[in-house]
Each structure stands twice: as C-alpha cells, then as structure tokens.
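What follows is each chain in one-letter form.
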Amino acid sequence: MLYPSDVWRQLKNISVEELIKALKRDGWVADKTKSGKIPYRKVMSNGEVRRVVIHYHPGKTYRSAKLLKGLFRDIGWSIEDLEKLKFIRSPGKAKR
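Reading the values: the criteria
Residues numbered from 1 in each chain as written. Predicted model: local features only at pLDDT ≥ 70, side-chain atom pairs only at ≥ 80, totals over all residues. Heavy atoms only, no water. Helix = DSSP H or I, 4+ residues; strand = E, 2+ residues; numbered from the N terminus. Contact = heavy atoms within 4.5 Å. Salt bridge = Lys/Arg side-chain N within 4 Å of Asp/Glu carboxyl O. Buried < 20%, exposed > 50% of the residue type's maximum accessible area, 1.4 Å probe, protein only.

*Asks:* I tried to follow the side chain of Ser15 on my own but got confused; where do I start?
*Replies:* By the element assignment, Ser15 lies in the loop between α1 (5-11) and α2 (16-25). Not counting residues up to four positions away in its chain, the partners in contact with Ser15 are Lys60, Thr61 and Tyr62.

Structure, rendered in structure tokens:
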C-alpha cells in the first residue's frame, strides 16, 4: 500500500508496542509466540485470513522504512484505518 509522504512522516517513529496495540484494537489475534516473533492473524469480512509476524523488541521503533512499509502492506490498513486507529491525523490536518 502506498501512502503519501505526510502519512509516512507520522508513521516512521511508531514503536512496536504502539503497532501491537493497534493490531489488537483492529481485531487481530496473536498466535503462539516464538523467540521474539509474534504472529498475528485476522479473518476479514470476505473470509480471507491475513497474517503478519511482528518481531518484538521492547521499546524499539521501526527505523527501516522498507520493513515498516512491508508490515503495513501485509496488514492492509488504508489511510482511513490509520486515522481511526489514531496513528495519523487527517492528511490535511497533519503538522508540518
């Protein structure tokens, strides 16, 4: 999923804890944890099951844009979803 640059500016310093809280608020369920890797799954309204693995390192942020973009692509959140989950402000309302 491609997001505009003002959205990425708001997302680039999220912590792993913030991402996990948002996944849970959005209905994702954690499976068994294995050595710092937490697999999450969500059954979509059309019956599709989405999966994403979060590498858990307490207090860390996602410095790598490539990794973060891959996670958000796998999760499939739209800009509206990010606003609803309070990750971002509306693109027109973002601080510059």
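*Asks:* Please explain the pattern of salt bridges as it appears in this structure.
*Replies:* Taken as a whole and assessed by the stated rule, the structure comprises 5 salt bridges. Note that Lys84 is salt-bridged to Asp26, the shortest N-O span being 3.9 Å. Placement of Lys84 in helix α4 (residues 79-84) and of Asp26 in the loop between α2 and β1 (29-30) is noted, with a sequence separation of 58 residues between them. Assessed through its relative accessible area of 55%, Lys84 is described here as exposed. By relative accessible area, Asp26 is classed as buried at 13%. Put simply, Glu48 and Arg50 hold a salt bridge, and the shortest N to O gap is 3.5 Å. Glu48 gets classed as partly exposed once you look at its relative accessible area, which sits at 35%. Through salt bridges with shared partners, one network takes in Asp26, Lys42 and Lys84.

*Asks:* I'm lost on helix α3 (residues 65-75) in this one. Help?
*Replies:* Each α-helix winds once per 3.6 residues, and so residues spaced three or four apart point in a common direction. Among the residues making up α3, those that are buried are Leu68, Gly70, Leu71, Phe72 and Ile75. In this fold, the buried residues of α3 make contact with α1, α2, β3 (49-55) and α4. Backbone geometry just after α3 places Gly76 at a positive phi near 85°.

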